[in-house]
Structures are given as structure tokens and as C-alpha cells.
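Geometric and topological summary
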Amino acid sequence: MNFPKTFDVIVVGGGHAGTEAALASARAGCNTLLLSHNIETLGQMSCNPSIGGIGKGHLVKELDALGGAMAAATDEGGIQFRILNSSKGHAVRATRAQADRMLYKQAIRSRLENQPNLWLFQQAVDDLLLEQDKVVGVITQLGLRFNAKSVVLTTGTFLSGLIHVGQANYAAGRAGDPPSVSLAHRLREMNLPVGRLKTGTPPRIDGRTINYSVMQEQPGDDPVPVFSFIGNVAQHPKQLPCWITETSRRTHDIIRGGLDRSPLFTGVIEGVGPRYCPSIEDKITRFADKDSHQIFLEPEGLTTHEVYPNGISTSLPFDVQWELVRSIKGLENAHILRPGYAIEYDYFNPIGLKNSLETKAIKSLFFAGQINGTTGYEEAAAQGLLAGLNAALQVREQDAWCPRRDEAYLGVLVDDLITSGVTEPYRMFTSRAEYRLQLREDNADLRLTEIGRKLGVVDDIRWAAFDKKREAIALEEQRLRQTWVNPRILSNEDATRVLGKPIEREYSFYELLRRPDVNYTSLMSLPGAGVAVEDEKVAEQVEITAKYQGYIDRQRDEIDRAQQYETLNLPDVMNYSEVPGLSKEVQQKLNQFKPQTVAQAARISGVTPAAISLLLVHLKRGFRDNVAQQIVP
Amino acid sequence: MLPNIDTIAAVATAQGRGGVGVIRVSGSKSLAIAETILGKTPKPRHAYYTEFVDEQGQAIDQGLVIYFVAPHSYTGEDVVELQGHGGSAVLQLLLQRCLSLGARLAEPGEFTRRAYLNDKMDLAQAEGVADLIEATTTQAARSAMRSLHGDFSTVINELVAGLINLRMLVEAMLDFPEEDIDSIDVEKRNRQLMQIQSKLKQTLATAKQGSLLREGAYVALVGQPNVGKSSLLNCLAGEQVALVSDVPGTTRDVIRKEIQINGIPLHIMDTAGLRASEDVIEKMGIALTHQTVLKADLIIVLRSAKQVESPEDIAILAALPAEIPRLHVCNKVDLMETQPLPSAKEIYVSAKTGVGIQALRDKLLQSIGWTNIESGIFMARERHLLALQQADISLNNAAEHLNFPELFAEELRLAQVALKSITGQFSADDLLGEIFSRFCIGK
């Protein structure tokens, strides 16, 4: 039957990408349906019980600045919070939290249920409804037909998912859930670049059987950090520590002894796994000279004894898993609650996507999350929000929002995906962002909240809080620029205490704050400094901005230089085989990637600077009048 | 391979009469053209001695022919080289024959451009070729040859490799604080930075020599009209290269001349008008002259031995920019009754008799930074120097930010951006690849 209600946007999948997509679309005012095979698993953390980290925390803060759910849900479910790199500069600091799985899931579920314009429905999706090359809805397992103007697919590891434990394997979306087989088959029939990836997860351990007394305790930070810009510490539940132990030589011997039955090393697994999150058998093989690897024991929640041993992801046979776990210090008597496993799944190479995350092959169909070859909750959620928002914007007949590389990690993520494609699961790192110094966690709201407000995804509460903060920052910056300190007034003693040396001329307080070793609080103790702002976040932001200003101004010049190519569009219809002089390889690459701009083309690997100059020459010759006009106005 | 691109031809040897003249043909029709002209199919990379025939089957010339099959040729396309006799009429006939068979006359530099576009050489190498062709002195030619062979690229690539290694350590520390990777040892980091810095400075010095060979130096000649500037210039230039040109400058008061000393081009700005004046027009001229002098690498202050320094001279000198090095020269020593003793402050010469001229030449080259160490010099362009200087600045900044790892990393990134503008691209993913291959990451 045709479902009686029609929707603007349908989101398929209820993981981190799907929930953010559905929430964003609904916030943007579109009638949205979230379809999941099981409503109980909405917002499920399938792998490790933690959110954030270097690069990832940056994404979560950006999501939050745009009204997303992840940071706020972590504040409600987080049982340990830390700021990583806290001894280093703000640009590379990142928040990381352990979350109680149940509390996190509840926080997401309650947001979904209370979101206006959003409807939930429990059914697996088997097929897409197409009209020519446009998607118009989905068909579920029961044969229900749902009509919509846009569809967002966030299928995670479910497409033809195959779980491996040793020589045994079976079809599943993750342990305990069925895979999406029919949908995977249908998608494989469409004109989309399909591939196979692999990821893995460690065996889980019963905390009652762990001897913590021989391990190193890793407590959370004090004071406890907060994830959301509008969150507070009072939202946090009880806090727990993590524990650190390590593998031994005996562990490595046990693993080596089981390699002949490893699906990874016997060629059973074809999918490519991530190099930065390798299985333990991969680690001891590739870094054979290391006698020991660190393992972090992470509590899964306040109401469970289950513990996640981070660092021993494995698909070795269960008997080997049992032995290897028990060879680790403090785990000699450990009981395994769930076996570790590897999972292979279909993904679609994101070179088939536009920077709005809409597929190039099928109109109004958007992909987000692991289906695009990424790994990580944060990467998935970020794409989800972007895809949901852009699906909604399309319904509203507005231009898609495609953040630039210098605006957000979101922009870096999408641009990397569509210009480089994916050959192994993609994870965010700060070193991927050339404009790292301005893409910080602390200023994610200043970078994005106003944009989010204009796009309709930021609510009144967040907007009011942001507006107040932004104004306070501007006022304080202005005050510091206009307040001067004179060498005749400032005693040498005060100057040495705060600035390290006397001043030789008159300075504004803002100039002094720019010095690397000067901090706001001590600066405010100088005579004539006036009244410091009360809000720590405001003071912090004024200080950070002052410190990085020189660098950010320089990066601004670099960005401006690159900008001309960012706005130089390449038509979809362009046939690169007709561009004289391009090598066969470059022609193939460009025809395959179909970049939207010259800048994107330049970032595709294998496209040489020479090829770009040929392309520019070709464009200058005016093969298409409209393109020629853009270049020669 | 460029299957769609037309075939080009040109006389590859210099204009004028020579013993041998070469026509180079490049493009997909090269072989067909050769077959028609030779009456047979040449095997790739074999030399044939044969007749070149016209439409009527009459011999135009006799000579050698070599066929290079793509991509194993200079341009990366099919290339045929016809080596005939050097007379220009004969060569023109042969070229016309190629053009009538479907080739088009190549634009200047087009063979090299195609080689670059076909990735047969990188930008630095392509520029090396241009320099080789332009080189007017043997020394410049040898340096250009080195750039062509990729010596310059090799040095830059070595620098970049060192930088990548250092960046890898720093980025691993920033992106993986929780991993038990051997956290970068501060001393090791500082040592690596210093090594790269010193190598870069060395490269910069060598490149500056190359730049001197290519671009030469600007020298302002200051002195009263009657001290013998023109004769000194002619004398300096020597016999091997007389005055190359004599171009009036942009103002009536600046005359530019170009001479060469030991192959180094010197652009001499004769600033006759630098003197106090009440005349309005002349004052404007003098202002412009001052601007010109600002660009000079060296100022020669010339006086005649017969004159003592006048207050006017002193005023002129005081008005010149103090940061530009000066070389004081005293001319017409032949007119003096007693020869002056050698002085560190001033060089005594006679343009008329040649006394002291060789010493002046040596001193001039030394003053503009020419070390005359020919080995290892490569032809550097202005843009290479700027890139190297930019990288140098960034590394110096990095050294000042040892306690701020993210700023340290940013300066390294900027240094690499500068260096890669000389040779090529490098992406963040390459950097991560280095990290993963080196460290066991995977919490």
C-alpha cells in the first residue's frame, strides 16, 4: 500500500548519521520521516562507548553550533570528560567523553520523539522509488510505499553486512541485527561506484572479573569539561575513571599462533580496514618489534558491568580471543561477555557525490555516514546533519549549504571525500585541515551558529545565548583595544610579574594580550586594566583570538588566493576526453570524479598542476560560452 | 600522450650558418611525415643516413634522421629529428616540406611546454631548458644544464623530504596524544630543524649564485660628470663583451648600461644627475633617480684622483640609502704624480692605462655576493629565490615557536607550501600515510 501520509524528507537509518539528518531536516521545517528497522536501537553506539577526540571533537562542536544533538546528548550521557592536548594550543585541543550507552541512547531518543515535524516508523527499507533519475520515495519490507521529495540513506555497516569471527562468518548489520540485503542489491544495480570496507570491534569484558589494582587509573579532568556550547556540568551523570593496561609478549605469541585461522590473514576478508584503527593481529604483524601495546579499559555505563577494552579489536577465532584476553595484565580471570568480530559492508565511493552529499547519479538522493566510506560516530553525525539540512533546503527550493575548507571541519570532511574518494575508512584528523589554527573547537559557534540560524536549524534558546556571547566578546575586544597602559604609570614590578619585562612605550591591553606568554587574568590585574569580563568563555575567546590573530590573517591571504579557483565552476556536462593535451589518466580521473570547481579538480590526486593549466587554457578558449564568461568577464 | 594535439615543427638549431642544422618535428603525424620525406619507415632510436626528398622526389638535402617513439622522447610525443646541412635556405626548404605535410610551425618554447605538460619534466626542469637556451655565457649554460638534469629539483626534494619527516613527528604528536608512540624527543626535533635550516640556507646561497648568473646585479654608478664613468665602464666590460646595450632610462637622468664581468651580467645605472639643484624639472628627475638607486644591489662611488671630495659629493652620498653597500673608487690615478698606497677603503684605478681594473672587477663581483664557486650552482629564477627565502623565514619562525607545537607545525607547513611551489604537490593524506607507516596507531 501507499503510506497515507507523504513526507518532504525520508531518512533511512537511525544511527548517528540518520538521527542528526532527521533532526536537522525537521528543524529546517520539513516534514520528516525517520525509518529504522528497529526503533530500540536509535542512537546506538555500536562500537566504542566514547564521543570526541582530536578532530572528532571538533566535528561534534560544529554539529552543536548548528543545533545538532550529539554534544548535548553526550553532556547528558557522559561518564568521563577530558580535554586532549590540554597542554598544547587551543587549535589542537579537543574534548573527548566516555558515554553511558543507555543514557546516550535515551538522550537521542527523547530528542527525536520531541522534535516537531519529525515522525518515526519501524520498518526495514528494501528498495527506492525512482522516477527516471530522481528518487521519489522508498519501499519497505512489508511492501509499504512511502513518498517523499528527498531521501537520505544512512545505512552504516548494514548493506550486505558480513560478520567474521575466525573462520566462521554470517550475514548481519552488526552483532544482533539483520543486514540490509535487498536494498544493497538494488543499490548495486544503480549507477553508483560501489566498494567493500571492513571494520572491527573488540571482545567485551565483564568488569567483575577485572583486577583493576594492577592497572593505571585514568580519571576525567577536573573541572569537568562540557561538550555543548549551551550545556553545563549539572547535566552530567556520575563520573567514572578509565583504566590502562597493556599486552604482553605472551599475548603476541598467542595471536601469532592463531593467524592461520584469522579471516584477515587467510584472505577471507576482502574489505579494506582502517590503518589508524587496526586490529590487534594487524598491529603485532606490522609492528613486530613492539613487545607491548596499550589497552584502555572503558566503562560502558553506570548500570552495567560491561567494559570495552579499547585497542584489541579482533576477528580471531573465539578460542584465541579467550586466551589473548587472559594473557593481559589484570585480565587473567576475565570473562568475555561478547566476542570481538570484524564486519565487511558495502560503501559507495563518495566521488559519486556532490558537495551537498547528494548523489550525482540519482537526484534528491543523499548519502551520509559509513555508506560514504567514513568511520566514526562523529564523522557520520556531521555528514548526517549536512545531508539532512541539504535535503530540506532542496525541498524548500533553496541552494545547498556547502561549507568551505576554511570554514569548518565539515567542509574539510566533505571536500576530502568527494575529491579524494575513499580506499580505506576515512577518519578526521586535525592534520587534514590546512586552516587548523582557525578551525578550533572553541570558536565553532562563532564560525557556524549564525549560518545555522539563517538556514533555520538553530533555535531561539541557542541563538539568544550565542548572540549574547558574541556581543560580549566584541565589546571586550573593543575595550582592550581602547585601554592603554603607559610605562610611566606601570611599575617595573607589575610589568615583570605579568609581562616578564618592563614596557618601553605605551601599549593597548589588546596588544599586550597578543604576546604568547601573557594571559588575560593576570593582565587584568594590572592597574588601569578596568573590570574583567565575568564570563570565562568570553575572556577565553578574546585571549585565543588575540594570540592567533597574526596567523589567521596570514591564512586569510592564502584562502583569498585559492578562492578564485573555488568559485570557478566546471559544468557537469564537461567531457574531459575532449580537452586536448590531458593525459589519459587525468582524463579518466576527471570524467570519473566530475569535479564541480577547478579547485576541486586540483585536489584530486593525480591531477597535476600542468593538467590544471591545460584545463584553464581550454576553458579560456571558451568551449562553452557561459564558462568562458566566468573567466573572462 | 597527446593524441588530439597537432604536430609541430621548427628549426631547432640557431639561426645563421652552421655545419649542421636540425629540424625537430613533434606530434602524432611525425612518423608519417618522416616516412614521406625519407621514403621508408625509420625504426625508433636508430640513426639513418639518407636523402630528404621533396614532392617531386628530388633530394632537398642529405643527412641523419632519428625517430623517437612516444613517450620516450623529449616532448613525450612522437618526435622526428632531421639533421641536415646548416645552410638556412636548405633548412627552410626542409621545414616548408614538413609544414606542407601537415605540421604547423612551433611557437617559441612549445617543444619544452609540451614536455612539461606531458610530465616529462617538472617546472624547475622546464625553466632550466629555457635558461639553457637563453644562456649567453658558458658558465650560465652549465648551470642551466644542471637545473635541466634535475639537480635543483633533487636538492629541493631532499629539503622537502626532511621537512616531511619532521612534520610527521610533530603531527603525530598533535593528532595522537593518547597513543604510546615515542613522543617526539625535543632535542631530536630541534636537531632536525637545525639540519633542515642549514641545508636550506646553503641551497639559498647556491641559488643566489645561480640567480646572479641569470639575473645579474644592479649597480648604481655615482659621481660627477667628469670623473670618467663611461671609460671606466668600457674598461670593466673588457674585450670579450663590449657594451651590450645602451638604453636610455625612464628618466632623463638615468642611463642604463649592461656589461658582463666573468659572465655575470651587471646592470649599471649611471646616475649623473644626482646633485643639488634648484630647477623644478631637474628636481623631479633627481627624485626619480633616487627611486632607481633604491633598487641597486651596490653603489659605486667614483671620484677623480685629481679632485678632493666636495661638499656637494658629501651631500649626494648622504642622500643615498645607507643600507645599500658602497664601493669607493678613485679613477685617473695615472694623472697623479705619486701612486697612492693600496687602501681598504678605496680602490685606485686608471681606466686609461688599465691599472687596478682587474682588482676592481674582483672586488665588484665579491661585493655583489659572487663567490666564484662554480660547482653545484644551478640556475635559479627570482621565483625560486623568493620561495626559498619564504621557506627560510618560516623555519626561523618555527625555531622561535618550539614551545607552541601547533604554531611550530603551522610554520613547517608554510615552509613546505613554499618549497612545493618549486617542484610539486603534497597532500595531508600523504602526511598521514607517513605517520601510519611509522607509528603503531590504534587505540
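Predicted, not measured: the structure shown is a model, and the values here were computed from it. (Residues numbered from 1 in each chain as written. Chains lettered and ligands numbered in written order. Predicted model: local features only at pLDDT ≥ 70, side-chain atom pairs only at ≥ 80, totals over all residues. Heavy atoms only, no water.)

**Quick look at the overall build of chain A**
For the record, the criterion: A run of DSSP states H or I qualifies as a helix once it reaches four residues; a run of E qualifies as a strand once it reaches two. Both are numbered from the N-terminal end. The globule rule used for comparison is 2.2 Å times the number of residues to the exponent 0.38, while the radius of gyration itself is calculated over C-alpha atoms. Note on exposure labels: buried denotes an accessible area under 20% of the residue type's maximum, exposed denotes more than 50%, and partly exposed covers the range between, all computed with a 1.4 Å probe on protein chains only. Contacts between residues were defined by any pair of non-hydrogen atoms, one from each residue, lying within 4.5 Å. Surface accessibility in these figures is a Shrake-Rupley result with a 1.4 Å probe; residues are shielded only by whichever protein chains are displayed. Counting rule applied: Lys, Arg positive; Asp, Glu negative; His and chain ends not counted. A charge is said to be at NZ when it belongs to Lys, at CZ for Arg, at CG for Asp and at CD for Glu.
A tally of helices and strands in chain A yields 20 helices and 22 strands. At 26 Å, chain A has a C-alpha radius of gyration in line with the 26 Å of a compact globule built from 633 residues. Summarising its shape, the C-alpha atoms of chain A cover approximately 80 × 75 × 55 Å along the three principal directions. Within chain A, the proportion of its 633 residues that are buried is 59%. Once local pairs closer than 6 in sequence are excluded, the contacts in chain A between residues at least 24 apart make up 73%. If you sum the accessible surface of chain A, you get close to 24800 Å²; carbon and sulfur atoms cover 50% of it. The average position of the 71 basic charges and that of the 76 acidic charges among the side chains of chain A differ by 2 Å.

**With respect to the nonpolar core**
Residue and element names in this part refer to chain A. The criterion, for reference: Residues grouped as a nonpolar core are buried Ala, Val, Leu, Ile, Met, Phe, Trp, Tyr and Cys residues, joined through side-chain atoms within 4.5 Å.
Among the nonpolar cores identified, the biggest contains 97 residues, and Ile10, Leu128 and Leu153 are the most heavily contacted of them. Broken down by element, the residue count for this core peaks at 12 residues, all from helix H9 (residues 377-395). Beyond its immediate sequence surroundings of up to four residues, Leu153 is in contact with Val12, Leu128, Leu183, Leu187, Leu365, Phe366, Phe367, Ala368 and Ile371.

**Observations concerning the confidence of the model for chain A**
We count it as follows: A score from 0 to 100, pLDDT tells how confident the predictor is in each residue.
Residues at a pLDDT of 70 or more form 97% of chain A, whose mean pLDDT is 92. Segment residues 623-633 of chain A: pLDDT under 50, and 15 contacts once partners within four positions in sequence are set aside and those in other chains are kept.

**A word on the environment of Ile422 of chain B**
On the secondary structure map, Ile422 of chain B appears in helix H13 (residues 405-423). Each C-alpha atom of the pair Ile422 of chain B and Ala47 of chain B lies 37 Å from the other, and the pair is 375 residues apart in sequence.

**A word on the pairing of strand E3 (residues 47-53) of chain B**
Residues and elements named next belong to chain B. Here is the rule we go by: By this definition, two strands are paired if DSSP reports at least two bridges between them.
Pairing of E3 with strand E4 (residues 59-68) involves 7 bridges; the strand directions are antiparallel. Paired with Glu51 across the strands is Gln62, a residue of E4. Linkage of E3 to E4, two consecutive antiparallel strands, is achieved through a turn of 5 residues, within which Gly57 is found at a positive phi near 85°.

**Observations concerning the confidence of the model for chain B**
All names here are of chain B. Chain-level pLDDT for chain B is 76 on average; 72% of the residues reach the 70-or-more range. Across chain B, the element-wise mean pLDDT spans from 37 in strand E8 (residues 245-248) up to 92 in helix H1 (residues 30-38). Note that residues 239-253 has pLDDT below 50 and, in this model, 31 contacts with residues that lie over four places away or in other chains. With a pTM of 0.78, the predicted complex shows an ipTM of 0.86.

**Digging into the sheet that holds strand E13 (residues 204-206) of chain A**
As a general point, the strands of a sheet are linked pairwise by backbone hydrogen bonds and lie either parallel or antiparallel. Residue and element names in this part refer to chain A. We apply this condition: Inter-axis angles, ranging from 0 to 180 degrees, are taken between N-to-C directions of lines fitted to C-alpha atoms, where helices are fitted over the stretch in contact.
Spatial strand order, E14-E15-E16-E17-E13-E18: 6 strands in an open sheet with antiparallel pairing. Each having just a single partner strand, strand E14 (216-218) and strand E18 (336-338) make up the two edges of the open sheet. Within the sheet, the average angular offset between the axes of one strand and its neighbour, ignoring direction, is 35°. Relative to strand E15 (residues 242-246), E14 runs antiparallel, the two being bridged by 3 bridges. When the sheet's bridge partners are listed, Gln216 is paired in E15 with Ile244.

**Quick notes on the pairing of strand E11 (residues 298-304) of chain B**
Residues and elements named next belong to chain B. Formally: If you view a crossover with the strands going away from you and the path from the first strand over the helix to the second runs clockwise, you call it right-handed.
Among the 7 residues that make up E11, 6 are buried, leaving the element largely enclosed by the rest of the structure. With 4 bridges joining them, strand E7 (residues 217-222) and E11 adopt parallel strand pairing. Opposite Ala220, over in E11, you have Ile299 as the bridge partner. In this structure, E11 lies alongside strand E12 (residues 326-331), joined through 6 bridges in parallel fashion. Residue pairing for E12: Arg303 is matched across the bridge by Cys330. Handedness of the E11-helix H10 (residues 311-319)-E12 crossover: right-handed.

**Quick notes on the environment of Ile552 of chain A**
Residues and elements named next belong to chain A. Structurally, the position occupied by Ile552 is in helix H16 (residues 536-566). What makes Ile552 buried here is its relative accessible area of 16%. Spatially, the C-alpha atom of Ile552 lies 9.6 Å from that of Arg436, the residues being 116 residues apart in sequence.

**Considering the pattern of salt bridges**
Basically, it comes down to this: For this document, the term salt bridge refers to a Lys or Arg side-chain nitrogen within 4 Å of an Asp or Glu carboxyl oxygen.
A complete count under the given rule lists 52 salt bridges over all chains for this structure. A salt bridge links Arg249 of chain A to Asp291 of chain A; the nearest nitrogen and oxygen atoms lie 2.9 Å apart. Pair noted here: Arg249 of chain A is in helix H6 (residues 249-258) and Asp291 of chain A is in the loop between helix H7 (280-286) and strand E16 (294-299), with a separation of 42 residues, a long-range link. Arg24 of chain B is paired through a salt bridge with Glu81 of chain B; the nearest N and O atoms lie 3.2 Å apart. Of the two residues, Arg24 of chain B is situated in strand E2 (residues 20-26) and Glu81 of chain B in strand E5 (residues 79-85); the sequence distance between them amounts to 57 residues. For the pair Arg24 of chain B and Glu81 of chain B, one class covers both residues: buried. One connected set of salt bridges, linked through shared partners, spans Arg405, Asp415, Asp416, Glu434, Glu566 and Arg603 of chain A.

**Here's the deal with helix H4 (residues 101-114) of chain A**
Residue and element names in this part refer to chain A. The test is simple: Multiply 1.5 Å by the residue count of a helix minus one, and that product is the helix's expected span. Summarising the geometry, the arc corresponds to the directions from the helix axis toward the C-beta atoms. As used in this structure description, the phrase polar contact means that two N or O atoms lie within 3.5 Å; if the pair is within protein, one of them must be able to donate a hydrogen and the other to accept it, and residues adjacent in sequence are counted only when both atoms belong to side chains.
Its 14 residues place the ends of H4 20 Å apart at the C-alpha level, agreeing with the 20 Å of an ideal helix rising 1.5 Å per residue. Restricting attention to buried positions, one finds in H4 the residues Arg101, Tyr104, Lys105, Ala107, Ile108 and Leu112. Projected down its long axis, H4 carries its buried residues within an arc of 160°, all on one side. Set apart from the buried face of H4 by more than 90 degrees, the exposed residues are Gln106 and Asn114. For H4, the side-chain oxygen to backbone nitrogen distance between the N-cap and Met102 is 2.8 Å, and the N-cap itself is Asp100.

**Things to note about the sheet that holds E2 of chain B**
Residues and elements named next belong to chain B. Strand order in the open sheet formed by 6 strands is E3-E4-E5-E2-E1-E6, with mixed pairing between adjacent strands. Bordering the open sheet on either side are E3 and strand E6 (104-105), each of which pairs with just one other strand. Sitting on the sheet, H1 is in contact with E2, E3, E4 and E5, with an inclination near 70° to E3.

**Here's the deal with the side chain of Ser228 of chain A**
All names here are of chain A. Assignment of secondary structure puts Ser228 in the loop between E14 and E15. Residue Ser228 is classed as buried on the basis of its relative accessible area, which comes to 6%. With near-sequence residues (within four places) excluded, Ser228 lies in contact with Asp64, Ala71, Ala72, Asp75 and Arg462.

**Details of the side chain of Asn331 of chain B**
Residues and elements named next belong to chain B. Following the sequence through the fold, Asn331 ends up in strand E12. Among the polar contacts made by the side chain of Asn331, one reaches the main-chain amide nitrogen of Ala351 at a distance of 3.2 Å. For Asn331, the residues in contact, after removing those within four places along its chain, are Val227, Gly228, Leu302, Arg303, Ser304, Ala305, Val349, Ser350 and Ala351.

**Quick word on the packing of helix H6 (residues 151-175) of chain B against helix H7 (residues 186-215) of chain B**
Helix-helix packing is characterised by the crossing angle of the two axes and by the distance between the axes. All names here are of chain B. Put simply, the rule reads: Reported orientations rely on four angle classes, namely roughly parallel under 35 degrees, roughly antiparallel over 145, roughly perpendicular from 65 to 115, and oblique for the rest. Take the far helix as your reference; a near helix turned counterclockwise from it by less than a right angle gives a left-handed crossing, and one turned clockwise gives a right-handed crossing. By the convention adopted, Pro, Cys, Tyr, Trp, Phe, Met, Ile, Leu, Val and Ala count as nonpolar, Lys, Arg, Asp and Glu as charged, and the other residues, Gly among them, as polar.
Where H6 contacts H7, the two axes come as close as 10 Å, and the packing angle between them is 160°. With respect to H7, the axis of H6 lies roughly antiparallel. The chirality of how H6 crosses H7 is left-handed. Between H6, through Val155, Ile156, Glu158, Leu159, Gly162, Leu163, Asn165, Leu166 and Leu169, and H7, the contact on the second element is made entirely by Lys188, Arg189, Gln192, Leu193, Ile196, Lys199, Leu200 and Thr203. Partitioning the contact of H6 with H7 into residue classes produces 9 nonpolar, 4 polar and 4 charged.

**Description of the packing of aromatic side chains**
Residues and elements named next belong to chain A. Convention followed: Pairing of aromatic side chains here covers Phe, Tyr and the six-membered ring of Trp, requires ring centres within 6.5 Å, and sorts the geometry by plane angle: under 30 degrees stacked, over 60 edge-to-face, intermediate tilted. For a Lys NZ or an Arg CZ to count as sitting over a ring, it must be within 6 Å of the ring centre and within 35 degrees of the ring normal.
With the rule as written, the count across this model stands at 10 aromatic pairs over all chains. When the ring of Phe318 is compared with that of Trp322, the centres are 6.2 Å apart and the planes differ by 45°; the resulting orientation is tilted. Remark: Trp322 and Phe318 occur in helix H8 (residues 318-326); sequence separation between them is 4 residues, near one turn of the helix. Among the residues examined, Phe318 registers a relative accessible area of 36% and is labelled partly exposed. You can call Trp322 partly exposed: its relative accessible area is 26%. The ring of Tyr507 is capped by Arg505, whose NZ or CZ atom sits 4.0 Å from the centre of that ring.

**A word on unusual backbone geometry**
With an omega dihedral of 0°, the bond running from Asp222 of chain A to Pro223 of chain A counts as a cis peptide bond. Relative to the helices and strands, Pro223 of chain A resides in the loop between E14 and E15. Here Ala70 of chain B and Pro71 of chain B are connected by a cis peptide whose omega angle stands at 0°. By secondary structure assignment, the location of Pro71 of chain B is in the loop between E4 and E5. A positive phi angle is found at Arg45 of chain B, which is not glycine, with a value near 60°. Tracing the chain through its elements places Arg45 of chain B in the loop between H1 and E3. Phi angles above zero are rare outside glycine, and Lys332 of chain B is one such case at about 65°. On the secondary structure map, Lys332 of chain B appears in the loop between E12 and strand E13 (346-348).

**Details of the packing of helix H2 (residues 56-65) of chain A against helix H3 (residues 70-77) of chain A**
All names here are of chain A. Viewed as axis vectors pointing N to C, H2 and H3 meet at an angle of 110°, and their least axial separation amounts to 7 Å. Relative to H3, the element H2 is oriented roughly perpendicular. Packed against H2, whose contacting residues are Val60, Leu63 and Asp64, the element H3 presents Met70, Ala71 and Ala72 at the interface. Residue composition of the contact of H2 with H3, grouped by class: 5 nonpolar, no polar and 1 charged.

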